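A structural walkthrough
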Amino acid sequence: MRVKKGFLTGQADLLSVMILIATTIVVGVGFLGLLYPSVMDLVSRSELRSTLYNEQSLLVLYREYENDTQVCIGFLRVEPGFVAYALALVVGGQVNNSAISFPLSSVTSPGDSVVYTKTYCLINGDYYPCVERINRVVYVPYDILDNYIAKGYPGLTCISKSALTGEASLRVFIVAKGDLYEVGRVDINE
């Protein structure tokens, strides 16, 4: 059997092209495999920032009233919605959540503090681990969230003046991706 001389050369060219295409596909898939986690991490961080900045823009904190025994802080979510807020009272660099009360709540005490390992504070427009060791927070009771915040009415929290022995601020946090992020702050001593 005689084989034409050009026939084998044509098969070799076709085989070479197929090997080059397969190699290109394998390299491309490998490159995407390396790039995908980085892109997903970037998208995830961008979504987190968007959520946090949006929540900051919707939350209004203000001094409602003050008497001889307590300072009361009002908080209003401009766009009604159910968001679980957590509070921490920082006095002289230490957390003192026992001084926080909720006069509008039917719950007699704020309840147990929830412990977190990572807490991020807003510093100059960006998030960094909090300088103060804020690992305990008190959640705003659900009846305040349901009856006030979610309906567009202001909630209220009061702080005992007996606990205000130094620089004091009330920090408001939300939980995002399992960590606490500050979305608002009121300096009590001003």
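The structure this text deals with has already been given above.
In what follows, the accompanying structure is described. (Residues numbered from 1 in each chain as written. Predicted model: local features only at pLDDT ≥ 70, side-chain atom pairs only at ≥ 80, totals over all residues. Heavy atoms only, no water.)

**Observations regarding the environment of Tyr62**
Assignment of secondary structure puts Tyr62 in strand S1 (residues 59-66). For Tyr62 and Pro154, which are 92 residues apart along the polypeptide, the C-alpha to C-alpha distance reads 10.0 Å. With sequence-adjacent residues up to four places away left out, Tyr62 is seen in contact with Cys72, Ile73, Gly74, Phe75 and Pro154. Side-chain polar atoms of Tyr62 contact the side chain of Glu64, separated by 3.1 Å. (Helix = DSSP H or I, 4+ residues; strand = E, 2+ residues; numbered from the N terminus. Contact = heavy atoms within 4.5 Å. Polar contact = N/O pair within 3.5 Å; in protein donor to acceptor, adjacent residues only side chain to side chain.)

**Considerations on the state of the cysteines**
Scanning the model with the defined rule gives two disulfides in all. There is a disulfide in this structure between Cys72 and Cys158, and the S-S distance comes to 1.9 Å. Residues Cys72 and Cys158 are joined by a disulfide whose S-S torsion is about 100°; by sign, that bridge is right-handed. With Cys72 in strand S2 (residues 70-77) and Cys158 in strand S10 (residues 155-160), this residue pair connects regions lying 86 residues apart in the sequence. The same class applies to Cys72 and to Cys158, which are both buried. Each disulfide pairs two cysteine sulfurs, and for Cys121 the partner residue is Cys130, the sulfurs being separated by 1.9 Å. (Disulfide = S-S within 2.5 Å. Buried < 20%, exposed > 50% of the residue type's maximum accessible area, 1.4 Å probe, protein only.)

**Some remarks on the side chain of Thr119**
Along the chain, Thr119 turns up in strand S7 (residues 119-123). With a relative accessible area of 7%, Thr119 lands in the buried category. Looking at Thr119, its side chain comes within polar contact range of the main-chain oxygen of Ile134, at 2.6 Å.

**Overview of the pattern of salt bridges**
Within this structure, the stated rule accounts for six salt bridges. A salt bridge links Arg49 to Asp126; its shortest N-O distance comes to 2.7 Å. Remark: Asp126 occurs in strand S8 (residues 126-129) and Arg49 occurs in helix H1 (residues 5-58); sequence separation between them is 77 residues. Residue Asp126 is classed as partly exposed on the basis of its relative accessible area, which comes to 22%. A salt bridge links Glu132 to Arg171; its shortest N-O distance comes to 3.1 Å. (Salt bridge = Lys/Arg side-chain N within 4 Å of Asp/Glu carboxyl O.)

**Remarks on the pairing of strand S12 (residues 179-187)**
In terms of residue burial, S12 counts as a mostly covered element, since seven of its nine residues are buried. Looking at chain direction, strand S11 (residues 168-176) and S12 are connected through eight bridges and run antiparallel. Residue pairing for S12: Arg171 is matched across the bridge by Arg185. If you look at the hairpin formed by S11 and S12, you'll find two residues sitting between the two strands, and Lys177 has a positive phi there, around 55°. (Pairing = 2+ DSSP bridges.)

**Focus on the sheet that holds S2**
Two pairing modes exist for strands in a sheet, parallel and antiparallel, and in both the strands are linked by backbone hydrogen bonds. Taken in spatial order, the four strands make up an open sheet running S1-S2-S10-S5, and their pairing is antiparallel. Looking along the sheet, the strands with just one partner apiece sit at the ends: S1 and strand S5 (100-101). Examined bridge by bridge, S1 and S2 share seven bridges and lie antiparallel to one another. Residue pairing in the sheet places Tyr62 in a bridge with Gly74 of S2.

**Observations regarding the packing of aromatic side chains**
Scanning the model with the defined rule gives four aromatic pairs in all. Here Phe82 and Tyr142 contribute two aromatic rings whose centre-to-centre distance is 5.8 Å and whose plane-to-plane angle is 5°, an arrangement assigned as stacked. Of this pair, Phe82 sits in the loop between S2 and strand S3 (86-91) while Tyr142 sits in helix H2 (residues 142-147), and the two are 60 residues apart along the sequence. For Phe82, a relative accessible area of 43% gives the class partly exposed. Relative to Tyr181, the ring of Tyr127 lies with its centre 5.5 Å away and its plane at 80°, an arrangement referred to as edge-to-face. In this pair, Tyr127 is assigned in strand S8 and Tyr181 in strand S12, connecting sequence segments 54 residues apart. Taking the relative accessible area as the measure of exposure, Tyr127 reaches 13% and is therefore buried. (Phe/Tyr/Trp six-rings, centres within 6.5 Å; stacked < 30°, edge-to-face > 60°.)

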